[in-house]
Amino acid sequence: MKTILIINGEKYWKDYFAGFNVVQKKVQTSEFIVKDSLYVIDADGVCKPDIIFWRLGAVNPEAKHRNILELIEYSGVPCVNSASTLLMGYERLSMLNRLKRLGLPVIDFNVATNTTQLKNLEMQFPFVVKVGNHHGGYGKSLVSTEEQWEELKDLLFIHQDYMTTEKFINYKYDIRYMAINDKVWAMKRKGKYWKANSLTQ
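Engineer: Tell me about the sheet that holds strand E10 (residues 140-143), residues and numbers included.
Structural biologist: Read from one edge of the open sheet, 4 strands run E8-E11-E9-E10, paired in antiparallel fashion. In this open sheet, the two edge strands, each paired with only one partner strand, are strand E8 (109-112) and E10. The sheet shows a mean angle of 20° between the axes of neighbouring strands, taken without regard to direction. Those strands touched by helix H3 (residues 92-101) are E8, strand E9 (127-131) and strand E11 (163-167), and its axis lies near 140° from that of E8.

So this is what it looks like as structure tokens:
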């Protein structure tokens, strides 16, 4: 029986894979070894996966996570999304650079490596501030007035990570899609407030 390893993710995934040995582990509490094959170890035991579903959610990825993806890629164990694709999108700045090199449209943004330079990032209101590499709507704020910007700068000052500011786009909805061979599935989504990926409808 083949083993499917779910990295993080929701508990219901087992229900979709009848006939497989489904193991769930958290990347935060697991160690990965490549010795002829790929092995994943945590307090619950050792797993030798035949395929991996990478479901890491709204966390700020650590250097260890990149190392794990490199090991998955090196081992040849199939991963969804592929480890090489996950590595390309692993860090927001590197992903934006990659998109720009490919000639794809990227929203212009200002960026500083530290909050001491916040005074140099202000744009025409409204604009969005993004701090670090968080996903799922975390680390993002919409700034509409000078007063909001002054308050946010005081709060952000304690954060020691890079940050970007970019023009706010008042969207109708965004589109998520998945393509497998010649089939494409798509969905529209909109957030309850201004973030499409937070309190999604």
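Engineer: Break down the pattern of salt bridges for me, with residues and values.
Structural biologist: Following the criterion strictly, the structure yields 5 salt bridges and no others. A salt bridge links Lys-130 to Glu-166; the shortest N-O distance between them is 3.2 Å. In this pair, Lys-130 sits in strand E9 while Glu-166 sits in strand E11, placing the two residues 36 residues apart along the sequence. With respect to burial, Lys-130 and Glu-166 carry one shared label: buried. Between Glu-150 and Lys-153 there is a salt bridge whose closest N-O contact spans 3.0 Å. On the criterion of helical spacing, the pair formed by Glu-150 and Lys-153 is a turn pair, its members being 3 residues apart in helix H4 (residues 146-156).

Parameters and conventions
- Residues numbered from 1 in each chain as written.
- Predicted model: local features only at pLDDT ≥ 70, side-chain atom pairs only at ≥ 80, totals over all residues.
- Heavy atoms only, no water.
- Pairing = 2+ DSSP bridges.
- Helix = DSSP H or I, 4+ residues; strand = E, 2+ residues; numbered from the N terminus.
- Axes fitted to C-alpha atoms, helices over the stretch in contact; angles between N-to-C directions.
- Contact = heavy atoms within 4.5 Å.
- Salt bridge = Lys/Arg side-chain N within 4 Å of Asp/Glu carboxyl O.
- Buried < 20%, exposed > 50% of the residue type's maximum accessible area, 1.4 Å probe, protein only.

Honestly, it's all geometry; don't read function into it.
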